[in-house]
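# Structural overview for review
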2 protein chains.
Amino acid sequence: MPVTIKDVARESGVNISTVSRALNDEYGVHPETRELVLAVAKRLKYRPNRVARGLVTGKSNTLGLVVSDIRNPFFAEVARGAEDAARAGGCDLVLCNSDLDARKQMEYIHSLLEKRVDGILMNSVSVLNRAQQQDLAKCPVPIVLLNRAASRKTFSTVCADNEAGGALAADYLFNLGHRAIAHITGPRHHGNLTARAHGFLRALSSLNCPEPLVLYGQNSFQGGYELTRDLLFEPARIAAGITAIFAANDIMAFGAARAIHESGRRIPCDISLIGFDNLELSSVIHPPLTTIHQPKYEIGKAAVEILMRLADKKGGRKPEHRVLGVELIERQSCQAPAAL
Amino acid sequence: MPVTIKDVARESGVNISTVSRALNDEYGVHPETRELVLAVAKRLKYRPNRVARGLVTGKSNTLGLVVSDIRNPFFAEVARGAEDAARAGGCDLVLCNSDLDARKQMEYIHSLLEKRVDGILMNSVSVLNRAQQQDLAKCPVPIVLLNRAASRKTFSTVCADNEAGGALAADYLFNLGHRAIAHITGPRHHGNLTARAHGFLRALSSLNCPEPLVLYGQNSFQGGYELTRDLLFEPARIAAGITAIFAANDIMAFGAARAIHESGRRIPCDISLIGFDNLELSSVIHPPLTTIHQPKYEIGKAAVEILMRLADKKGGRKPEHRVLGVELIERQSCQAPAAL
DNA sequence: CTGAAAGCGCTAACAG
DNA sequence: CTGTTAGCGCTTTCAG
């Protein structure tokens with residue numbers, strides 16, 4: 001039904017390969033012929049069938065993006081960066097939500113491969129078992145891991161400098177005068193969060209600050225809420241004198257804020273609170289949250305750029321690793337401790 | 001490089017068309033042959049090339065999703081619903097961010113058509129000029145408009161019952177005892193917001209409530225903030241006695257909350273605030289926002305279902321219109337006015 | 001039930 | 001510079 005290259009060829013009295021060249025090549029076709037072909041194509045509203053082209057070229061100009069859940073504002077931002085970069089490079093992005101489920105994730109990967117995507121962006125590989133990871137390693141297209149440190153040699157990675165971010169938070173709180181600090185974070189072994197904690201603790205210790213209280217829990221609003229509630233309500237807690245809290249991410253910080261409010265304390269007068277991520281909402285809550293900015297958009301963008309470079313040359317596809325800088329965004333959730 | 005249907009055929013000693021049938025058809029092939037083929041396919045780790053298949057069948061099993069910005073949590077939720085439904089139906093979803101820019105939007109549409117998507121979900125068509133809309137109308141694949149009332153006969157639509165939502169807000173505030181109410185909303189002519197305002201005003205008037213103050217501004221955090229600030233600070237404002245505000249959406253409500261805080265007033269003691277959308281963040285802010293829930297996930301899901309049904313039968317592709325219900329989510333940002 | 005053959009729409013040598 | 005000829009990997013008649 002739609003008009004094909006053949007129609008254009010017939011209508012302009014040339015061979016279809018000439019049409020193809022006129023439409024794609026920069027040269028190798030007489031200017032006049034090209035003009036003619038282009039004119040006819042336009043008149044006929046010809047739209048090349050990209051799947052046919054893909055079949056012969058072996059490239060689909062499509063990238064796959066596998067995130068746990070696009071509703072997570074972090075990934076939404078990454079996705080936007082990725083999509084913009086993909087579009088700039090002439091690629092489409094297909095969206096997959098894995099829910100961090102290994103089976104689902106593998107299904108998506110295979111589905112993407114069947115569609116012959118040119119590359120895949122993925123936010124986590126850690127839920128996969130050994131066999132699955134090896135399966136992935138011999139994937140025919142390049143894969144870049146979002147938000148993962150450069151551990152696995154087989155995949156490219158893009159992530160923020162989590163350790164530096166942790167250190168930034170430490171310096172800031174310390175310089176404000178805080179000495180009794182708590183850090184609330186997710187599970188004990190979680191690549192990014194662990195790196196943040198590490199940077200935080202190291203910076204504090206090099207500042208000769210008393211060791212902070214570190215609480216592990218769920219990496220979620222609820223987790224941040226519960227951890228903080230425990231911190232503030234348990235009378236036996238050493239935490240009695242805590243003047244500042246560093247939450248491993250903004251979501252947890254939101255939970256912490258709720259718990260702080262409920263305890264009748266105020267931010268920042270009674271307790272300073274600092275987060276990590278700089279989600280858009282962190283400027284929306286009251287008081288606006290001071291936090292460590294992660295370049296989410298740039299992470300997506302960089303990942304796609306790596307992917308497209310890798311997809312281009314069939315040869316040297318050496319994995320590439322990129323660590324992006326973070327920065328402190330000072331808003332209104334921190335101040336010097338009351339005691340000072 | 002990857003293993004093709006030909007390899008499977010050779011390896012199992014049958015013709016490629018038999019392989020094709022064994023893999024796709026439910027019948028018409030001898031059970032033993034089928035077993036054999038399936039076994040060989042598995043052993044060889046055969047993955048059908050879906051673009052090749054698409055070329056001959058004319059279907060890509062791909063849907064396009066064009067939203068203004070996936071970072072808008074509303075669309076992220078819609079996208080998730082759409083993706084889940086698409087996946088359930090064996091389709092992929094390609095993500096496009098139009099920024100509500102007409103040119104970009106048309107480029108995406110054409111790009112999607114070149115990829116031969118089976119259908120398109122789109123969140124707005126109102127930025128397009130007449131010619132562009134007509135162009136769209138004769139699009140070879142079905143299009144469903146998200147979040148649009150069933151005005152245009154040419155496209156299918158899915159949206160929430162905005163008017164009913166506005167009425168819900170009105171009843172709630174009125175029953176709480178509020179009589180001096182303000183409604184802050186976006187531009188004067190904005191399909192959804194207008195419908196909300198309409199439902200709100202109508203319900204109030206049928207309740208014999210004094211007419212509320214309606215303020216038009218930007219449909220954004222900033223807009224909500226500025227409108228509310230004007231409302232609270234302008235001494236000349238009739239608004240002196242306002243006890244409740246209905247914001248046309250949660251984002252504006254967040255802005256309003258900020259302005260209210262800054263004016264030294266408290267929610268809900270001094271002013272009640274109700275939003276619309278029920279974004280996830282609305283339960284995160286302090287105090288948790290009472291709002292009208294819109295079934296965002298379901299909107300995406302319904303849209304994809306319509307699309308897939310329409311894409312299936314080449315024949316009767318009558319546009320379909322669906323209006324989904326809304327509901328009041330009572331949290332802590334509203335109470336009876338102090339005067340009572 | 002299975003094989004042979006045609007062809008989806010396009011690109012890519014290879015001649016001319 | 002342009003036409004001819006092969007396919008890309010698969011589905012789909014059409015015979016057998």
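Thresholds applied
- Residues numbered from 1 in each chain as written.
- Chains lettered and ligands numbered in written order.
- Predicted model: local features only at pLDDT ≥ 70, side-chain atom pairs only at ≥ 80, totals over all residues.
- Helix = DSSP H or I, 4+ residues; strand = E, 2+ residues; numbered from the N terminus.
- Rg over C-alpha atoms; globule rule 2.2 N^0.38 Å.
- Buried ≥ 20, exposed ≤ 12 C-beta atoms within 10 Å, placed from the backbone.
- Least-squares fit on C-alpha atoms with pLDDT ≥ 70 in both.
- Pairing = 2+ DSSP bridges.
- Axes fitted to C-alpha atoms, helices over the stretch in contact; angles between N-to-C directions.
- Contact = placed C-beta atoms within 7 Å.
- Near = placed C-beta within 6 Å.
- Nonpolar A, V, L, I, M, F, W, Y, C, P; charged D, E, K, R; others polar.
- Domains from an automatic or database assignment.
- Core = buried A, V, L, I, M, F, W, Y, C linked by C-beta atoms within 7 Å.
- Parallel < 35°, antiparallel > 145°, perpendicular 65-115°, else oblique.
- Left-handed = near helix turned anticlockwise from the far one by under 90°.
- Right-handed = clockwise from strand over helix to strand, strands pointing away.

## Side note on the overall build of chain A
Helices and strands together make up the secondary structure of chain A, namely 12 helices and 12 strands. Over its C-alpha trace chain A gives a radius of gyration of 26 Å, far above what one expects of a compact globule, namely 20 Å for 340 residues. Across its three principal directions, the C-alpha atoms of chain A cover 90 × 40 × 35 Å. Taking all 340 residues of chain A together, the buried fraction comes to 49%.

## Comments concerning the relation of the copies chain B and chain A
When chain B is fitted to chain A, the best match, at an RMSD of 0.1 Å, comes from turning it 180° and sliding it 0.1 Å along the axis. On this basis, the relationship between the two copies can be described by a two-fold rotation axis. For chain B, the smallest separation between a C-alpha atom and the rotation axis is recorded for Val94 of chain B, amounting to 2.1 Å.

## A word on the sheet that holds strand S7 (residues 213-216) of chain A
Residue and element names in this part refer to chain A. The six strands are arranged S7-S6-S8-S9-S10-S12 in an open sheet whose pairing can be described as mixed. Here the strands that pair on one side only, and so sit at the sheet edges, are S7 and strand S12 (327-329). Between one strand and the next, the sheet's axes are offset by a mean angle of 20°, whatever the strand orientation. Two strands pair when backbone bridges link them, and strand S6 (residues 181-185) and S7 are joined in this way by four bridges, in the parallel orientation. Within S7, the position partnered with His183 by the bridge is Val214. Contacts between helix H8 (residues 162-176) and the sheet are confined to S6, strand S8 (244-247), strand S9 (272-277), strand S10 (290-293) and S12, with S9 contributing the most and set at about 165° to the helix.

## Details of the protein's contact with DNA strand C
Close to DNA strand C lie 25 residues; Ile5, Ser17, Ser20 and Asn49 of chain A together with His30 of chain B are nearest. Taken together, the elements giving at least two residues each to the surface near DNA strand C come down to helix H1 (5-12), helix H2 (16-24) and helix H4 (50-57) of chain A together with helix H2 (16-24) and helix H4 (50-57) of chain B. Here the surface near DNA strand C takes five residues from H4 of chain A, the largest share from any one element. Looking at side-chain class alone, the surface near DNA strand C contains 11 nonpolar, 12 polar and two charged residues.

## Points about the interface of chain B and chain A
Contact with chain B, which involves 41 residues of that partner, is made by 41 residues of chain A. Tallied by class, the residues present in the side of chain B that touches chain A amount to 21 nonpolar, eight polar and 12 charged.

## Brief notes about the domain arrangement of chain A
Looking at chain A, the domain boundaries give domain 1 (5-48), domain 2 (60-160 + 296-325) and domain 3 (162-293). The C-alpha centroid of domain 3 of chain A is placed 63 Å from the C-alpha centroid of domain 1 of chain A.

## Digging into the nonpolar core
With 177 residues, the main nonpolar core has Leu121 and Leu273 of chain A together with Leu121 and Leu273 of chain B as its most contacted residues. Leave out the neighbours within four places in its chain, and Leu121 of chain B touches Leu63, Gly64, Leu65, Val66, Ala82, Val144, Leu146, Ala303, Val304 and Leu307 of chain B.

## With respect to the sheet that holds strand S8 (residues 244-247) of chain B
Residue and element names in this part refer to chain B. Taken together, six strands build an open sheet; the order of strands is S7-S6-S8-S9-S10-S12 and the sheet is mixed. Lying at the two open borders of the sheet, with one neighbouring strand each, are strand S7 (213-216) and strand S12 (327-329). On average, each strand axis in the sheet is inclined to that of its neighbour by 20°, with strand direction left out of account. Summarising the sheet, strand S9 (residues 272-277) and strand S10 (residues 290-293) pair through four bridges and their orientation is parallel. Note on S10: the bridge partner recorded for Asp277 is His293. The sheet strands contacting helix H9 (residues 191-206) are strand S6 (181-185), S7, S8 and S9, and the helix crosses S6 at an angle near 165°. Taken strand by strand, helix H10 (residues 221-233) contacts S6, S7 and S8, and its axis lies near 150° from that of S6.

## Here we look at the packing of H10 of chain B against helix H11 (residues 250-262) of chain B
Residue and element names in this part refer to chain B. Running from amino to carboxyl end, H10 crosses H11 at an angle of 40°, the nearest separation of the two axes being 6 Å. As summarised for this structure, H10 and H11 are arranged oblique, according to the angle between their axes. At the point where H10 passes H11, the crossing takes the right-handed sense. For the pair H10 and H11, the contacting residues are Phe221, Gln222, Gly223, Gly224, Tyr225, Thr228, Arg229 and Leu232 in the first and Ile251, Met252, Ala253, Phe254, Gly255, Ala256, Arg258, Ala259 and Ile260 in the second.

## Brief notes about the protein's contact with DNA strand D
Looking at DNA strand D, there are 26 residues lining it, with His30 and Val56 of chain A together with Thr4, Ile5 and Ser17 of chain B nearest. Among the secondary structure elements, those contributing two or more residues to the surface near DNA strand D are H2 and H4 of chain A together with helix H1 (5-12), H2 and H4 of chain B. Of the residues contributing to the surface near DNA strand D, the split by class is 11 nonpolar, 12 polar and three charged.

## A short note on the pairing of S9 of chain B
Residue and element names in this part refer to chain B. For S9, the buried fraction is high: six of the six residues fall into the buried class. Because side chains alternate across S9, one face comprises the buried residues Ser272, Ile274 and Phe276, and the other comprises Leu273, Gly275 and Asp277, equally buried. In this structure, S8 lies alongside S9, joined through three bridges in parallel fashion. Bridging from a neighbouring strand, Ala244 pairs with Ser272 of S9. Chirality of the crossover, the property in question, places the unit of S8, H11 and S9 among those that are right-handed.

## Let's talk about the environment of Arg80 of chain B
Relative to the helices and strands, Arg80 of chain B is located in helix H5 (residues 73-88). Given 20 C-beta atoms within a 10 Å radius, Arg80 of chain B is considered buried. Arg80 of chain B sits 174 residues away from Phe254 of chain B along the chain, and the two C-alpha atoms are 24 Å apart. Ignoring any residue separated from it by four or fewer positions in sequence, one finds Arg80 of chain B in contact with Asp69, Ile70, Arg71 and Asn97 of chain A together with Tyr297 and Gly300 of chain B.

## Here's the deal with the pairing of strand S5 (residues 156-160) of chain A
All names here are of chain A. Burial within S5 is extensive, with five of its five residues counted as buried. Side-chain alternation along S5 places Ser156, Val158 and Ala160 on one buried face and Thr157 and Cys159 on a second face that is also buried. Sheet analysis places strand S4 (residues 143-146) next to S5, joined by three bridges and oriented parallel. Bridged to Leu145 within S5 is Thr157. As paired strands, S5 and strand S11 (residues 321-324) are joined by four bridges and run parallel to one another. Note on S11: the bridge partner recorded for Thr157 is His321.

## Examining the environment of Asp135 of chain A
All names here are of chain A. Assignment of secondary structure puts Asp135 in helix H7 (residues 130-137). The partly exposed category is assigned to Asp135, around which 15 C-beta atoms lie within 10 Å. When the C-alpha positions of Asp135 and Arg47 are compared, they lie 38 Å apart, and in sequence the two are 88 residues distant.

## Points about unusual backbone geometry
Across the junction of Ile267 of chain B and Pro268 of chain B, the peptide omega takes the value 0°, indicating a cis bond. Tracing the backbone shows Pro268 of chain B in the loop between H11 and S9. Between His286 of chain B and Pro287 of chain B the backbone carries a cis peptide bond, its omega angle lying at -5°. Mapped onto the secondary structure, Pro287 of chain B falls in the loop between S9 and S10. We note that Arg116 of chain A has phi near 60°; this positive angle belongs to a residue other than glycine. Counting through the fold element by element, Arg116 of chain A comes out in the loop between helix H6 (102-114) and strand S3 (119-122).

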